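# Structure assessment
Here are the chains, one letter per residue:
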Amino acid sequence: MKQHLVYICFCLIFGNLGFGQDAAPDAYQDSLQLVIDSAKSIEDKKEAYFLLGEYLVQRDPDKAELIAKDLEANYIKNDSNEIRRNNYIFAASHRWHGDYKTALDYYNTIYDYSKRQNDSSDIAKSAHFIGTISMFLGNNVASQNMLLEAAKIYDNIGSAKQKARINKTLASFYLNVDQLEKGKEQYLKALDQFEKLKDSAGLASVNANLGMVYTDLGDYEKAEYHLMKQKEYNVVFPTLREMGFHHDFLGLLRQEQNRLDEAYDEHLKALRIRENLSSTYNLCESKIHMGEILIKLNRYNEAISHLEDVFSFEEHESLYQELRAYDLLSQAYERKGNYKEALTNFKAYKRINDSIYSNESIEIIAEKDARYNQQKKDAEIAILNKEKELSDAKLSRSRAIMLISLIGLILLAVAAIVLLQFNKKIKKKNATITKALKDRELLLHETHHRVKNNLQMVSSLLNLQSKYVEDKDVYEVLQKGRNRVQSMALLHKNLYVGEDLTKVDIQDYFEGLVKSILNSYNKSEDDVIFNIDANNLKMDVESVIPIGLIVNELVTNSLKHGFPKDWSGKPSIDVKMEESDSDYTLKIKDNGIGIDDDLKQADNKTSFGQRLIKSLSQKLKASINIANHNGTEVSIVMPK
């Protein structure tokens, strides 16, 4: 990943989207200045000013910006198209200074205006700029959105040069997300396009990038070939800026070849050139590469000095440059033995790396790239089909039928656009709803978890308190209270560990409740046989709370009163719950001594447990039936 940013940088430097002319620089500039000085018409003078500003943006950005300010103050009134044209000059002058944030603001203004005007040509042009600069600043998702939008427009209405340039920029994007082979294929495609166009600047740029690709792939012979081809093409458009890139790229190749002294010389040449140029971004690239080679040469203090300089430029604030600088600083301090500073810089590197290469952004990039490729294939297939239809129509149908077919296709396209927009809105709403549901589910999980913990705390406090009570009746009351609280805690535990946050699995709940009661009476499943059958019932939490308390009381009564010490036999308790069309039926049966008839008829005020059962049954609007059938059997019928 350490070298990929130089590919991006090179995309803009060689006039990727700039304003070049075929005439010799001095002659063309002089001819425009002559028009400006001698023009009698304001319109002629203004047009010459525009052309001069567009010509100078990459040769003399300061002068180009002054021309744009003069146009803005004295020549442009309320013409929005002229304002947009002038904003291109402002944006380019800031871009060539390395002030990418300000340039991006201008390009976004141009893009928004072009969108409102539905101007496809300028939408693609400004989107191309925004996508490229977004790569500098480390926003891969925004970059991909804009580049693919530009590519789709150029696929339909773009010139051969525009298609070649967007392919070159997309190649840089793929390299930026570590897709070397895909980037290489895209550059080779762009190289073929520029050769057909005989575009020297484009050929120089692509050859430089291919040199870096083959350097990363370890094919140094091909890398050397393409970098030397770049140098040949630079003769056609020779500037210090291009030579800076040539020396910098050659230095990276020499590093990989372990020719470190030669690499240092090449990087130093690039640095000396860039120290006298306007772009702070390119200067930072040289600082990073100098830091890298100086670390390899064990000159750690010099490396640290260059790398720390990267953070002193606020014009562009590239996350990629900061990422690489932190990574190299971590290495330099580690080799110096300053592990504290090494760790600090590594943490900063990790934080930025995680923000750039998050799983979410990688997935979004892959999805959109696949969608664009599929749309491109579909478009090619659609074009072939339309060509066949037109050919058949010419042979077999009249002009009237052809006209009707054309109208039908237009209507179909309009309908498709309407359906596509409708589908996008639905997907956006579905995504919002899905997120809201996930947030609600998380909140319910957390709520049930906290309620369970709080009830568990109350249960533990009651249990702790009972250890300090000597009165057996009071001890029994505390233990019963603890069991009642525990029954509710188990309910909320089942809810937050289960998949359904609103329904309780009765079978699982009864099993957990019975185990809790046995533990409270120091009994095990070997002491008492429990048969639990809930028929896979699921009920809402409001209904299950009173049912759980009732089961707790009845099972506790069976354990306490149903099996006295002189009773012989194996204790057994059945807990069963059934469902019919209109009712739920809960049955608790033991094989103990049964319940006294007098006790069945007794006033419920004498027993808190019985009063609790009666109160909970009334809440459920349930009927209770108690009978002796080889033990005590309690049947409770609850309407749905």
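Given the structure is predicted, the values throughout are model-derived calculations rather than measurements.

## Some points on the overall build of the chain
- Within the chain, the secondary structure is distributed over 25 helices and seven strands.
- Expressed as a percentage of the 640 residues in the chain, the buried residues total 45%.
- Counting only contacts in the chain whose residues sit at least 6 apart along the sequence, the fraction spanning at least 24 positions is 65%.
- As displayed, the chain offers around 33500 Å² of accessible surface, 52% of which is attributable to carbon and sulfur atoms.

## What about a nonpolar patch on the surface?
- Together, L403, L406, I407, L409, I410, L411, L412, V414 and V418 make up an exposed nonpolar region whose accessible area comes to about 850 Å².
- Relative to the helices and strands, I410 is located in helix α20 (residues 399–466).

## Quick notes on helix α3 (residues 42–56)
- Compared with the 21 Å implied by 1.5 Å per residue over 15 residues, the 21 Å span of α3 between its first and last C-alpha is a close match.
- Listing the buried residues of α3 in full gives K46, A48, Y49, F50, L52, G53, E54, Y55 and L56.
- If you check the start of α3, you find a side-chain oxygen 3.2 Å away from the backbone N of E43, and it comes from S41.

## Observations regarding the pattern of salt bridges
- As enumerated under the stated definition, the model contains 23 salt bridges in all.
- A salt bridge links E47 to R85, with the nearest nitrogen and oxygen atoms 2.9 Å apart. Remark: R85 occurs in helix α5 (residues 80–97) and E47 occurs in helix α3; sequence separation between them is 38 residues.
- Of the residues examined, E47 reaches a relative accessible area of 35% and is grouped as partly exposed.
- Exposure remark for R85: the relative accessible area of 24% places this residue in the partly exposed category.

## So, the sheet that holds strand β5 (residues 583–590)
- With mixed pairing, five strands are arranged side by side in an open sheet as β2-β4-β5-β7-β6. Lying at the two open borders of the sheet, with one neighbouring strand each, are β2 (529–533) and β6 (623–628). Each strand of the sheet is rotated relative to its neighbour by a mean of 10 degrees, with strand direction disregarded.
- Here helix α22 (residues 506–520) sits on the sheet in contact with β2, β4 (572–579) and β5, set at roughly 160 degrees to β2.
- Sitting on the sheet, helix α23 (residues 541–562) is in contact with β2, β4, β5 and β7 (632–639), with an inclination near 15 degrees to β5.

## Focus on the pairing of β4
- Judged from the five bridges that link them, β2 and β4 form a sheet pairing that is parallel. The partner of D533 across the bridge, within β4, is K576.
- One ladder, built from seven bridges, connects β4 with β5; its direction is antiparallel. When the sheet's bridge partners are listed, M577 is paired in β5 with L586.
- Connecting β4 to the antiparallel partner β5 that follows it, the hairpin turn spans three residues.

## Details of the packing of helix α7 (residues 120–137) against helix α9 (residues 160–176)
- Where α7 contacts α9, the two axes come as close as 11 Å, and the packing angle between them is 25 degrees. The orientation of α7 with respect to α9, classified from their angle, is roughly parallel. In this structure, α7 crosses over α9, and the sense of that crossing is left-handed. Contact residues: α7 offers H128, T132 and M135, while α9 offers R165, I166, T169, S172, F173 and N176.

## Here's the deal with the environment of L66
- By secondary structure assignment, the location of L66 is in helix α4 (residues 61–74).
- Judged by its relative accessible area of 58%, L66 falls in the exposed class.
- Spatially, the C-alpha atom of L66 lies 9.2 Å from that of F90, the residues being 24 residues apart in sequence.

## Focus: the confidence of the model for the chain
- In this model, the chain carries a mean pLDDT of 81, and residues with pLDDT of at least 70 account for 79%.
- Looking at the elements of the chain, mean pLDDT is at its lowest for helix α1 (residues 4–13), recorded as 41, and at its highest for helix α14 (residues 260–274), recorded as 94.
- For the stretch residues 1–24, pLDDT sits under 50, and the model shows 102 contacts to residues farther than four places along the chain or on other chains.

## Thoughts on the packing of aromatic side chains
- Using the criterion set out here, one finds 12 aromatic pairs in the structure.
- Between F311 and Y326, the aromatic rings sit 4.6 Å apart at their centres with planes inclined by 40 degrees, giving tilted as the arrangement. Here F311 is found in the loop between α16 (300–309) and α17 (319–336), whereas its partner Y326 is found in helix α17, with 15 residues between them in sequence.
- Assessed through its relative accessible area of 30%, F311 is described here as partly exposed.
- Following the ring pairs from residue to residue traces out a cluster consisting of Y88, Y107 and F129.

Quick notes on the rules
Residues numbered from 1 in each chain as written. Predicted model: local features only at pLDDT ≥ 70, side-chain atom pairs only at ≥ 80, totals over all residues. Heavy atoms only, no water. Helix = DSSP H or I, 4+ residues; strand = E, 2+ residues; numbered from the N terminus. Buried < 20%, exposed > 50% of the residue type's maximum accessible area, 1.4 Å probe, protein only. Contact = heavy atoms within 4.5 Å. Areas by Shrake-Rupley, 256 points an atom, 1.4 Å probe, with all protein chains shown as cover. Patch = residues over 30% accessible without salt bridge, like charges linked within 9 Å, V, L, I, M, F, W, Y side chains within 5 Å. Salt bridge = Lys/Arg side-chain N within 4 Å of Asp/Glu carboxyl O. Expected span 1.5 Å × (residues − 1). Polar contact = N/O pair within 3.5 Å; in protein donor to acceptor, adjacent residues only side chain to side chain. Pairing = 2+ DSSP bridges. Axes fitted to C-alpha atoms, helices over the stretch in contact; angles between N-to-C directions. Parallel < 35°, antiparallel > 145°, perpendicular 65-115°, else oblique. Left-handed = near helix turned anticlockwise from the far one by under 90°. pLDDT = per-residue confidence, 0-100. Phe/Tyr/Trp six-rings, centres within 6.5 Å; stacked < 30°, edge-to-face > 60°.

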